[in-house]
Each structure stands twice: as structure tokens, then as C-alpha cells.
Amino acid sequence: MIMFDKVNLDYSQKNIPLPSKDSFMKSLIAKTESFIKRARWKVFFFENPSEKNVTEEKYGFRTSNTPPQNSALNEFENDLYDLVSGIEFKTYKSDFQKKMTKDIREIRDSGKVILPADKTNNLYKVSVDDYNKLLHDSITTEYRKSSDDTKTAIDKETAIIAQSLNLADRMQTYTTDQCFITVKDHKPNFPSNPSCRLINPSKTDLGKVSKKILEKITKITNDSLSLKQWRKTKDVTDWFQGLTASNDKDLRFIQFDIETFYPSISESLLDKALEFAELHCPISQSDKSIIKQAKKALLFNEDSCWVKKTNDLFDITMGSYDGAECCEIVGLYLLHKISGFLEPQYTGLYRDDGLIAVPKASGRKMDLIRKKLHKCFKDEGLKIIVQ
């Protein structure tokens, strides 16, 4: 049995301990250089407005070119560097900073892995062997090993698209960030039979382009349909207050959660969602190709590359740039399907969480709605938990 030793911190994990002198200076110098670089570009384009290409979309990618020096900024830059080089340090720590330093030292010296919880702020110490076993089990459940040629092939395909967008000098190859896990300590089987969430931080820069495209498609589609797709808490509270302010006083609510929404979105479901959106928003074949290419996902652990066991590279990972936008466009499609048996103004969705208000509903009517919901999502290869 795996031993989970809870780390008890009596303060927020958002508190930042004081850095060392070297790490502070490295960060400060990097930020100073970045500021000077941006200032030089501002001056350059102010003096040469014709050099700025405002018509070509760069999707947030910054140029790797170095801005030219400007004599008007020389004295300012020298003063700024003198200010940085003249910084003096004083050794002082409050009792709180000393406590954080002590806790960090104990964690580092423990020889164990700190495993974060999935939906709480809890932290657990587990042995390296136990962590590696949990990680390996989480990976092999859905993934199989692949060769490095898979990444090379994806990079080549992405490079062709990057060239067509004039972004080849700005986009990077597929990152190889290592996967990790969080433990689901809120589940009833914890800690006797722990389950974990596998987080895949590796991603393709093409996801940034896909994100912009999907944002535009989702906005135009929802503006046309006016479905209740919420993006923030205030959207939900405004909807609820609107219900209570109306004449519909006798309301009952159904809450549902789409299980593992991100990885459960299949290629066919995304295709259906795009076909549905295309009825309200023009989508070019090029945009479709970019969206689909950005869904080719790889998982990396140590020196190994992993792909889905289904032999399909299609995957929407939680760490991808456009994962949330994929959920939203699929969410619109699902809301449209639900509106076939529920009034749209009474149904809303935020990513994988849904809420339905049912006016003057009997117990039988509520059960019928729950059954229809289950069938609606099951038809699309999704599972929901209805409350």
C-alpha cells in the first residue's frame, strides 16, 4: 500500500520565499533586457511607421529579430543598467520567511516526491518508487510507447503550415516537457486505492494559432444562437438572478458534470461541432487543417515518447493552448442538441459543468430529463454525472 504523508503548511502556497542573490539578479537582468528591447521596438516603429505590417496576423508570436539601437535611448539604457548593477543586498528575513525557508529545506532533504492533489490545495509526500509506479500506471492505462520518428513527422507537417503563415521564424518545434500526475484525494477510494490525473504539458505552438481561430468561430456562432455558454462566474450569477427576477418562481435544478471532458472529445465529435459551427460561421479548409494538426498530441516521460493506444494521434490535452476553446466549440454543439428537448434559456454550460433550470417540474419529468441527458451525451461518446 502506498503511504501518503500529508504536508501540513499553515499558510498559502501562493506565498513566495525570498530568492537567492544570484537567482534574483539573473531574473532582474533578463527582465531589464526585455524591457529595453521592447522600448527600442516602440521607438523604431514610431520613427518608421511604414515598417510596421499591421495586416499580417502573427497570432501573438513575437519576432526573434533584435531591435536596432537608437541614440536617443543610449543615456536612458546606461542609467538603467547602472541602477541594476548598483543594487545592494541586506541579509534579513522575517520569522515568516524563515519558516518558509525551513519548510523548503525539509522538503528538499526528505528524499521524497511532493505530490499535489487534483482539486484541493493538499500536498503529499510519497517515495520516489511509489510516485514512479503511480505515474507509470497512469501512462500505460491509455498510452503506448512510440518512436522518436513520430515527433519528427509532426514537426515536419507543422513546419509546412508555419511556412504558409509566415511564422516559421517564430514558432518552435513540439515541446518535450515531462508529464506528471496529481492525486485525486477527493475520491472515496483514497488512499487505499488511489487514482491520479495525468497532466501532459508538452504542446505544439500551432495550438496558439488554433486557439485564435476557435475563439473567433465560437464567438460568431454563439452570437448567432445566443446559447448560454458561460465563461466566468458572473455569467452564471447573472443568469440565476435573471431567473429569480422573472415570473418563474417554481424552479428545480439539475446539475451535471461531463466526465474527463478534454480527453473524451473524439475526432468525430470535434468534426461534428465544426460542421455545426460552419452553419453560422465560415470556416476555411486551411483553418480546419490547422485545428486538426494542433490536436496531434504526444506524451513524454524521461527519454520515451508515448501515443494513445488507439493508434490515433488525436488528443485534446489539458495543458494544450487551445484545449479550453475546443471544449467551448463542442459545448455549443452539445447545448444545441440539448435545446431539442429543453428550452435554451434554462440551460447553460461552463466547460464541463452544466446547470439546468426546470420550471414547475414533477419528479417524473425530472427523471425523464435526466434520462434524455444521459442518452444525448452517450450518443456523442461522453459520460455525465447528473445530480
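Higher on the page you've got the structure.
Residues numbered from 1 in each chain as written. Predicted model: local features only at pLDDT ≥ 70, side-chain atom pairs only at ≥ 80, totals over all residues. Heavy atoms only, no water.

Novice: How do you make sense of the sheet that holds strand S10 (residues 304-308) when you look at a structure like this?
Specialist: Whether parallel or antiparallel, the strands of a sheet pair through hydrogen bonds between backbone atoms. One open sheet holds the three strands; their spatial order is S4-S10-S9, and the pairing between them is antiparallel. Each edge of the open sheet carries a strand with a single partner, namely strand S4 (143-146) and strand S9 (299-301). The sheet shows a mean angle of 40 degrees between the axes of neighbouring strands, taken without regard to direction. Relative to S10, S9 runs antiparallel, the two sharing three bridges. Directly across from Phe 300, in S10, lies its bridge partner Cys 305. (Pairing = 2+ DSSP bridges. Helix = DSSP H or I, 4+ residues; strand = E, 2+ residues; numbered from the N terminus. Axes fitted to C-alpha atoms, helices over the stretch in contact; angles between N-to-C directions.)

Novice: Explain the state of the cysteines here, please?
Specialist: As used here, a disulfide is simply a covalent bond connecting the sulfur atoms of two cysteines. By the definition in use, this model includes zero disulfides. Cys 281 carries a free sulfur, and the closest cysteine sulfur to it, the one in Cys 326, is 15 Å from it. Here Cys 326 is not cross-linked by a disulfide; its sulfur's nearest cysteine counterpart is in Cys 327, at 7.0 Å. (Disulfide = S-S within 2.5 Å.)

Novice: Could you clarify how one ought to interpret the packing of helix H6 (residues 206-225) against helix H11 (residues 323-338) in this entry?
Specialist: How two helices sit against one another is set out by the angle between their axes and by the gap between those axes. Running from amino to carboxyl end, H6 crosses H11 at an angle of 25 degrees, the nearest separation of the two axes being 9 Å. For the element pair H6 / H11, the angle class is roughly parallel. Relative to H11, the crossing made by H6 is left-handed. Contacts between H6 and H11 involve Lys 211, Leu 214, Glu 215, Ile 217, Thr 218, Thr 221 and Asn 222 on the former and, on the latter, Glu 325, Cys 326, Glu 328, Ile 329 and Leu 332. Looking at side-chain class alone, the contact of H6 with H11 contains five nonpolar, three polar and four charged residues. (Parallel < 35°, antiparallel > 145°, perpendicular 65-115°, else oblique. Left-handed = near helix turned anticlockwise from the far one by under 90°. Contact = heavy atoms within 4.5 Å. Nonpolar A, V, L, I, M, F, W, Y, C, P; charged D, E, K, R; others polar.)

Novice: Explain the sheet that holds strand S12 (residues 353-359) to me, please; I cannot follow it from the model alone.
Specialist: Reading across the sheet, the five strands line up as S7-S11-S12-S8-S13 and stay open at both edges, with mixed pairing between neighbours. One side of each edge strand has no neighbouring strand; the edge strands of this open sheet are strand S7 (228-229) and strand S13 (384-386). Bridge count between strand S8 (residues 251-258) and S12: seven bridges; the pairing is antiparallel. Counterpart to Ile 254 in the pairing with S12 is Ile 356. Together, S8, S12 and S13 form the strand contacts of helix H12 (residues 363-378), whose direction differs from that of S8 by roughly 20 degrees.

Novice: Hey, could you run me through a negative patch on the surface in this one?
Specialist: Residues Asp 148, Asp 149, Glu 302 and Asp 303 make up a contiguous surface patch of negative charge. Looking at the element boundaries, Asp 303 is found in the loop between S9 and S10. (Patch = residues over 30% accessible without salt bridge, like charges linked within 9 Å, V, L, I, M, F, W, Y side chains within 5 Å. Areas by Shrake-Rupley, 256 points an atom, 1.4 Å probe, with all protein chains shown as cover. Salt bridge = Lys/Arg side-chain N within 4 Å of Asp/Glu carboxyl O. Lys, Arg positive; Asp, Glu negative; His and termini not counted. Charge placed at Lys NZ, Arg CZ, Asp CG, Glu CD.)

Novice: Looking at this structure, how should I read the nonpolar core?
Specialist: The nonpolar side chains of a soluble globular protein tend to be buried, and buried together. Judged by nonpolar contacts, the single largest core of 55 residues is most densely connected at Val 209, Phe 256, Ile 258, Ile 329, Val 330, Leu 373 and Phe 377. Here this core takes ten residues from H11, the largest share from any one element. In this structure Phe 377 touches Phe 256, Ile 258, Leu 334, Ile 338, Leu 382 and Ile 384, once residues within four positions along its chain are discounted. Core analysis: the second largest hydrophobic core is formed by 18 residues, Ala 117, Tyr 124, Cys 179 and Leu 299 among them. (Core = buried A, V, L, I, M, F, W, Y, C linked by side-chain atoms within 4.5 Å. Buried < 20%, exposed > 50% of the residue type's maximum accessible area, 1.4 Å probe, protein only.)

Nothing here speaks to function; it is geometry throughout.
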